[in-house]
Amino acid sequence: MRQTVAHKRVVVLGATGATGRLVVSTALRHGHHVTALACRPGSFAPAPGLREVEWRDVRDAATLSTALTGADAVISALGGAARGPTSVCTDAMAVAVPAMRSAGTARLVVVSAHGVAESRDRSPFSLAVWAAVGERMRDKEAMESRVTSAPLRWTVVRPPRLTDASATGTYRTAVDLPVHLWTSVPRADLADFLVREVEDPHHVHAFPRIAR
């Protein structure tokens, strides 16, 4: 039986993305109060515990600062542009870190990717992901630098290939989990892990990996 956890006030960045929507629904299902930052108003159907805030520009510090009032944690599921140069994740953290410090919100959980920074190697996985989405990986690396230099209780999650399969509930996590070319994890499992790291942190100042 799942342990009862204290309800949190969670701000979700990238809430309208494929992973972000699952983070929002998972957090609500766990009984948390969620502030979903969305680039378009009306992106979510009204739900108990859900507040939607329009955030068209990730560099909009004023809107984010207001959204953080009373928040216990921030989960960032931002992914960046699909093609071409992108700095979405880095720009968001440039705003989020000082805003969190001002608001007194210390817990930050962000989605990065396996193959970033020291997890990049000459493995088929790293070579393939950098060949496919190198600009997004560079953005993730710059984002990580901003996060890890911040005086916050951060966790940087580095998933492998994400799928839209149903949640398994039996995923594995570890900072040294082997990742191969065929390794993947459902976004639903990733969302579950992100929310659980807010509820009961096990990887503060660490880079956990996750896989089926």
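Up top you'll find the structure we're talking about.
The following paragraphs examine the structure supplied in this document. (Residues numbered from 1 in each chain as written. Predicted model: local features only at pLDDT ≥ 70, side-chain atom pairs only at ≥ 80, totals over all residues. Heavy atoms only, no water.)

### Describing the packing of helix H1 (residues 18-29) against helix H5 (residues 187-199)
Argument step 1. Two elements in contact, H1 and H5, have axes whose closest approach is 8 Å; the angle formed by their N-to-C orientations is 55°. If you check the angle between H1 and H5, you find them oblique. You can see that H1 and H5 cross each other, and the crossing is right-handed. In this structure, H1 uses Ala 18, Thr 19, Leu 22, Val 23, Thr 26 and Ala 27 to contact H5, whose residues at the interface are Arg 187, Ala 188, Leu 190, Ala 191, Asp 192, Leu 194 and Val 195.
Argument step 2. When grouped by side-chain class, the residues that make up the contact of H1 with H5 number nine nonpolar, two polar and two charged. (Axes fitted to C-alpha atoms, helices over the stretch in contact; angles between N-to-C directions. Helix = DSSP H or I, 4+ residues; strand = E, 2+ residues; numbered from the N terminus. Parallel < 35°, antiparallel > 145°, perpendicular 65-115°, else oblique. Left-handed = near helix turned anticlockwise from the far one by under 90°. Contact = heavy atoms within 4.5 Å. Nonpolar A, V, L, I, M, F, W, Y, C, P; charged D, E, K, R; others polar.)

### Examining the environment of Leu 181
Argument step 1. Along the chain, the position of Leu 181 falls in the loop between strand S8 (172-174) and strand S9 (184-186).
Argument step 2. On the basis of relative accessible area, Leu 181 is assigned to the partly exposed category, the value being 47%.
Argument step 3. Between the C-alpha atoms of Leu 181 and Val 109, which are 72 residues apart in sequence, the distance is 25 Å.
Argument step 4. Beyond its immediate sequence surroundings of up to four residues, Leu 181 is in contact with Pro 124, Phe 125 and Ala 128. (Buried < 20%, exposed > 50% of the residue type's maximum accessible area, 1.4 Å probe, protein only.)

### What to know about the environment of Met 100
Argument step 1. Within the secondary structure, Met 100 sits in helix H3 (residues 88-103).
Argument step 2. Note: C-alpha distance between Met 100 and Gly 115 (15 residues apart in sequence) is 27 Å.
Argument step 3. With sequence-adjacent residues up to four places away left out, Met 100 is seen in contact with Leu 68, Val 74, Thr 105, Ala 106, Arg 107, Leu 108 and Leu 152.

### Considerations on H1
Argument step 1. An ideal rise of 1.5 Å per residue puts 16 Å on 12 residues; H1 measures up with 17 Å between its terminal C-alpha atoms.
Argument step 2. Looking at the buried side of H1, the elements it contacts are strand S1 (9-13), strand S2 (33-38), strand S3 (50-54), strand S4 (73-76), strand S7 (161-163) and H5.
Argument step 3. Immediately beyond the C-terminal end of H1, within one or two residues, lies Gly 31, with a positive phi of roughly 90°. (Expected span 1.5 Å × (residues − 1).)

### Quick word on the packing of aromatic side chains
Argument step 1. For the structure shown, the criterion picks out two aromatic pairs.
Argument step 2. Arranged with centres 5.4 Å apart and planes meeting at 55°, the rings of Trp 154 and Phe 207 form a pair that is tilted. Remark: Phe 207 occurs in the loop between H5 and strand S10 (209-211) and Trp 154 occurs in strand S6 (residues 153-157); sequence separation between them is 53 residues.
Argument step 3. Residue Trp 154 is classed as buried on the basis of its relative accessible area of 7%.
Argument step 4. Plain terms: the ring middles of Tyr 171 and Phe 193 are 6.2 Å apart, the flat faces sit at 65° to each other, and that makes the pair edge-to-face. Highlighted residues: Tyr 171 in the loop between S7 and S8 and Phe 193 in helix H5, separated in sequence by 22 residues.
Argument step 5. A cation over an aromatic ring shows up here: Arg 21 above the ring of Phe 44, its NZ or CZ 4.7 Å from the ring centre. (Phe/Tyr/Trp six-rings, centres within 6.5 Å; stacked < 30°, edge-to-face > 60°. Lys NZ or Arg CZ within 6 Å of the ring centre and 35° of its normal.)

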